[in-house]
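# Analysis of the macromolecular model
Spelled out from the first residue to the last, the chains are:
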Amino acid sequence: MSKEAKLELDGKVFTCRRWKQRRRKAMDVSQLRATTGYITLDTAYGNTGSCTSKVTFIDGDKGILRYRGIPIEELAEKSNFIETAY
């Protein structure tokens, strides 16, 4: 399988990187605006991966939110702001 996705806009082909992380598939459109002048529209923010993070993990389908590997519920119940910030 190719690691690139191609999108045709105004008769020109834009190529972007494709990748798969865990069970999600994605294509990197971070250079779309600079290259083509187009932006993407995701009105409910349901189809947009905002970033890749080594600090937080979110799986909305399963209701998982972790900060530095610790479930957010545990941080909220057992830690104060200074401990979490540290």
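This text goes with the structure placed above it.
Residues numbered from 1 in each chain as written. Predicted model: local features only at pLDDT ≥ 70, side-chain atom pairs only at ≥ 80, totals over all residues. Heavy atoms only, no water.

## Some details on the overall build of the protein chain
Helix and strand counts for the protein chain come out as three helices and six strands. Compactness check: the protein chain gives a C-alpha radius of gyration of 18 Å against a globular reference of 12 Å for 86 residues, more than 25% above the reference. Within the protein chain, the proportion of its 86 residues that are buried is 8%. Carbon and sulfur atoms provide 52% of the accessible area of the protein chain, an area that totals close to 7900 Å². A distance of 7 Å separates the average location of the 16 positive side-chain charges in the protein chain from that of its 11 negative side-chain charges. (Helix = DSSP H or I, 4+ residues; strand = E, 2+ residues; numbered from the N terminus. Rg over C-alpha atoms; globule rule 2.2 N^0.38 Å. Buried < 20%, exposed > 50% of the residue type's maximum accessible area, 1.4 Å probe, protein only. Areas by Shrake-Rupley, 256 points an atom, 1.4 Å probe, with all protein chains shown as cover. Lys, Arg positive; Asp, Glu negative; His and termini not counted. Charge placed at Lys NZ, Arg CZ, Asp CG, Glu CD.)

## A short note on the sheet that holds strand S4 (residues 56-59)
What the three strands build is an open sheet, ordered S4-S5-S6; its pairing is antiparallel. Edge positions in the open sheet fall to S4 and strand S6 (70-71), since each of these has one partner strand only. Where strand S5 (residues 64-67) and S6 come together, two bridges link them in antiparallel fashion. Of the residues in S6, the one forming a bridge with Arg66 is Pro71. (Pairing = 2+ DSSP bridges.)

## Overview of the pairing of strand S1 (residues 4-9)
Where S1 and strand S2 (residues 12-21) come together, six bridges link them in antiparallel fashion. From the neighbouring strand, Glu8 faces S2, where its bridge partner is Val13. Following S1, the chain reverses through two residues before pairing antiparallel with S2; Asp10 in that reversal takes a positive phi of roughly 55°.

## Digging into the nonpolar core
Formed by Ala5, Leu9, Phe14, Cys16 and Leu32, the largest nonpolar core amounts to five residues. Those elements giving two or more residues to this core turn out to be S1 and S2. Aside from chain neighbours lying at most four places away, what touches Ala5 is Phe14, Thr15, Cys16, Arg18 and Met27. (Core = buried A, V, L, I, M, F, W, Y, C linked by side-chain atoms within 4.5 Å. Contact = heavy atoms within 4.5 Å.)

## Describing the sheet that holds S2
Spatially, the three strands line up as an open sheet ordered S1-S2-S3, and their pairing is antiparallel. At either margin of the open sheet sits one strand with a lone partner, and together these are S1 and strand S3 (24-27). Within the sheet, the average angular offset between the axes of one strand and its neighbour, ignoring direction, is 30°. (Axes fitted to C-alpha atoms, helices over the stretch in contact; angles between N-to-C directions.)

## Quick look at unusual backbone geometry
For Asp10, which is not a glycine, the phi torsion comes out positive at approximately 55°. Among the secondary structure elements, Asp10 is positioned in the loop between S1 and S2. Residues other than glycine seldom take positive phi values, yet Arg68 does so here, at roughly 55°. Note that Arg68 resides in the loop between S5 and S6.

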